[in-house]
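# Coordinate inspection notes
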Amino acid sequence: MGRVKKSGLTDRQAEALRALPSVEELVEMPELAAAIGEYGRELVVDSARVVVERLRSGILAGKAAGEALGRVGGNAGDVAGGELAFDRLAGAITEEAAKVFLPSLKSLVNATGVVVHTNLGRSVLAPEAIEAVVQATASYSNLEYNLVAGSRGSRHDHITRIITALTGAEDAIVVNNNAAAVLLALAVFGGGRDVIVSRGELIEIGGSFRIPDIMASSTARLVEVGTTNKTKISDYEKAIGPDTAMLLHVHTSNYKVVGFTAEVEIAELAALGHERGVVVVDDLGSGVLADLPALAGEPSVHDSLAAGADVVTFSGDKLLGGPQAGVVVGKREFIAKMKAHPMARAMRVDKMTLAALQATLAIYLKPEEALGRIPTLRMLSEPIDSLQARAEKLASGLSEVIGDAATVAVEKAASKVGGGALPLLELDSYVCSVLPSAITVDDLAARLRETDPPVIGRIHKERLLLDVRTILPEQAEMIAKALRQAFYPEES
Ligand SMILES: *Cc1c(COP(=O)(O)O)cnc(C)c1O
């Protein structure tokens, strides 16, 4: 590696950095003339900048050039040794430019067994919902146009009726996601005033959604009551004062406090709120609309309203299985206030969301069909025999294409609901386990992230587990192809 200088760089690294061509030099290469013709100069210049930057960080990280450039083209020589093959660079730059034209959002195979996987897009939409999006976007629509009166209409009207029919609520409004729904409720009812929340419910949901932070940005003042493990109705009672605007109940969706615990039921909270003239809002997180044994224990929207909550909020793309959205249901006067607030305009949903949500909810009107037709519910309710049969079929298909590059077996395992719902629940499932013989399981997982489509499994004890619960029936063949590609890259 040579001598390390004061700058922290070795001689070789310093030399390699000096040897890096400039973006201007690269763009003048005859090898890039075709790319400039096809993609335009601006994009090629930008792509050259990206590639040079990648090389620079590669050198600083002490990588060889081939590694720094990624898996593109032939051998660029060792950058750290100062040697660069220009045709390889041209290839990398051309590839970088071409990427811009490809959709960055790729469909992939979710073999993790986590049904509502936020990193993987949460819900797979029902065919009806997909068709509705196409219908709503291929031409103009009556999004905000009243066809009877021939005048301006409201986008909310497209969705209210079906939500009230399903939940028994008086009225509804749909916003961008449930985080927005909670923020809007806080701003409308609690802005500049006190909102009481139990200390046991000051949750964080993935990344930046924390109840105290969302409260602060709504200008509501957080009044914490009770303790982490126990909050009683008397704690709320004592905390209500002249400035109290709202009692907020938050479903502790992604964790459980077990042992010596007490929390206040929404019915009790609602009774107190109504007695003292304070709005009661219930943030359900997932919000269950279907009667599904697997989801017992997750609070339903209907029950929360029936228990007396004034306003209930839940996600469109968690257990509901629809598009990303925040659904707010409740008493007419409160929903009207939310619709009229300027913040509602900033959170309003697009016609694609309305169309997909309406079509998804329409399936719920026939609950016995919803389990089979909404992918999220179908996955959550797939019988164990069916999972086993699918795992066995997948395994035999995989063994065939993989040969002796890995050992494939069918094993019992547990899937998760995901999406911050039912964190302790393990759903019995079956997986295909793949134990590679010549490469590491991390290498295998990395290779499968690069196949088309990528296949995402979970690693457990040196094996890659592919949980069939979240694998769509038509994806079995794609998985076989991807594994073949991963184990025999020289074939492609
Ligand atoms: C998931 C969740 C949210 C945020 O919902 P998004 O639809 O992801 O914005 C808010 N509150 C609770 C209790 C949740 O579980």
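Okay, so let's go over this structure. (Residues numbered from 1 in each chain as written. Predicted model: local features only at pLDDT ≥ 70, side-chain atom pairs only at ≥ 80, totals over all residues. Heavy atoms only, no water.)

### Re the sheet that holds strand β11 (residues 279-285)
Spatial ordering of the open sheet is given by β5-β13-β12-β11-β10-β6-β9, a layout of 7 strands whose pairing is mixed. Each edge of the sheet is formed by a strand with only one pairing partner; in this case those strands are β5 (171-175) and β9 (221-225). Neighbour-to-neighbour, the strand axes of this sheet turn through a mean angle of 25°, independent of strand direction. The pairing of strand β6 (residues 194-198) with strand β10 (residues 244-250) spans 3 bridges and is parallel. By the bridge assignment for β10, aspartate 194 is matched with threonine 244. (Pairing = 2+ DSSP bridges. Helix = DSSP H or I, 4+ residues; strand = E, 2+ residues; numbered from the N terminus. Axes fitted to C-alpha atoms, helices over the stretch in contact; angles between N-to-C directions.)

### Thoughts on the site of the ligand
What surrounds the ligand is a group of 13 residues, the closest being Ala179, Ser253, Asp283, Ser315 and Lys318. Take arginine 122: an N or O atom from its side chain is 2.9 Å from an oxygen atom of the ligand. At 2.5 Å, a side-chain N or O of serine 315 approaches an oxygen atom of the ligand. Coverage of the ligand by the protein amounts to 94% of the 380 Å² it exposes when considered alone. Of all the elements in the fold, those that place two or more residues in the shell around the ligand are α9 (178-190) and β11. Of the residues contributing to the shell around the ligand, the split by class is 4 nonpolar, 6 polar and 3 charged. (Near = heavy atom within 4 Å. Polar contact = N/O pair within 3.5 Å; in protein donor to acceptor, adjacent residues only side chain to side chain. Areas by Shrake-Rupley, 256 points an atom, 1.4 Å probe, with all protein chains shown as cover. Nonpolar A, V, L, I, M, F, W, Y, C, P; charged D, E, K, R; others polar.)

### Overview of the sheet that holds strand β2 (residues 114-116)
Taken together, the 5 strands give an open sheet; going across it, the order is β2-β14-β15-β18-β17, and neighbouring strands pair in mixed fashion. The open sheet has two free edges, formed respectively by β2 and β17 (458-460), since each of these has just one partner strand. Ignoring strand direction, the axes of neighbouring strands in this sheet form an average angle of 40°. Pairing analysis gives 2 bridges linking β2 to strand β14 (residues 406-418), with the strands arranged parallel. Bridge assignment links valine 116 to a residue of β14, and that residue is glycine 418. Set on the sheet, helix α19 (residues 384-402) makes contact with β14, β15 (427-436) and β18 (463-467); between it and β15 the angle comes to about 10°. Strand contacts of helix α20 (residues 441-448): β15, β17 and β18, with the helix running at about 45° to β18, the strand carrying the most contacts. (Contact = heavy atoms within 4.5 Å.)

### Brief notes about the pairing of β11
Across the 7 residues that make up β11, a large majority, 7, are buried. Burial of β11 is two-sided: the residues Val279, Val281, Asp283 and Gly285 facing one way and the residues Val280, Asp282 and Leu284 facing the other way are all buried. As paired strands, β10 and β11 are joined by 5 bridges and run parallel to one another. Opposite valine 250, over in β11, you have aspartate 283 as the bridge partner. (Buried < 20%, exposed > 50% of the residue type's maximum accessible area, 1.4 Å probe, protein only.)

### Quick look at the packing of aromatic side chains
In this structure the tally under the stated criterion is 2 aromatic pairs. Summarising the aromatic geometry, the rings of phenylalanine 189 and phenylalanine 334 are spaced 5.6 Å apart at their centres and angled 80° between planes, so their arrangement reads as edge-to-face. Taken together, the residues span a long stretch of sequence, with phenylalanine 189 in helix α9 and phenylalanine 334 in helix α14 (residues 332-340) at a distance of 145 residues. Looking at phenylalanine 334, the relative accessible area reads 10%, which means it is buried. Its end group placed over the ring of phenylalanine 260, lysine 230 keeps NZ or CZ at 3.7 Å from the ring centre. (Phe/Tyr/Trp six-rings, centres within 6.5 Å; stacked < 30°, edge-to-face > 60°. Lys NZ or Arg CZ within 6 Å of the ring centre and 35° of its normal.)

### A few points about helix α12 (residues 266-276)
Every buried residue belonging to α12 is among Ile266, Leu269, Ala270, Leu272 and Gly273, and all of these are buried. Down the axis, α12 shows its buried residues gathered within 165° of arc, on one side only. Of the residues one or two after α12, glycine 277 is the one with positive phi, at around 70°. (Arc of directions from axis to C-beta.)

### Focus on the pattern of salt bridges
As enumerated under the stated definition, the model contains 22 salt bridges in all. Across the pair arginine 49 and aspartate 46 runs a salt bridge, and its minimum N-O distance is 3.8 Å. Here the residue arginine 49 and the residue aspartate 46 both occupy positions in helix α4 (residues 41-60), the gap between them amounting to 3 residues, near one helical turn. In this structure arginine 49 comes out as partly exposed when scored by relative accessible area, which is 47%. A residue is classified by how much of its surface remains accessible, and aspartate 46, at 38% relative accessible area, is partly exposed. (Salt bridge = Lys/Arg side-chain N within 4 Å of Asp/Glu carboxyl O.)

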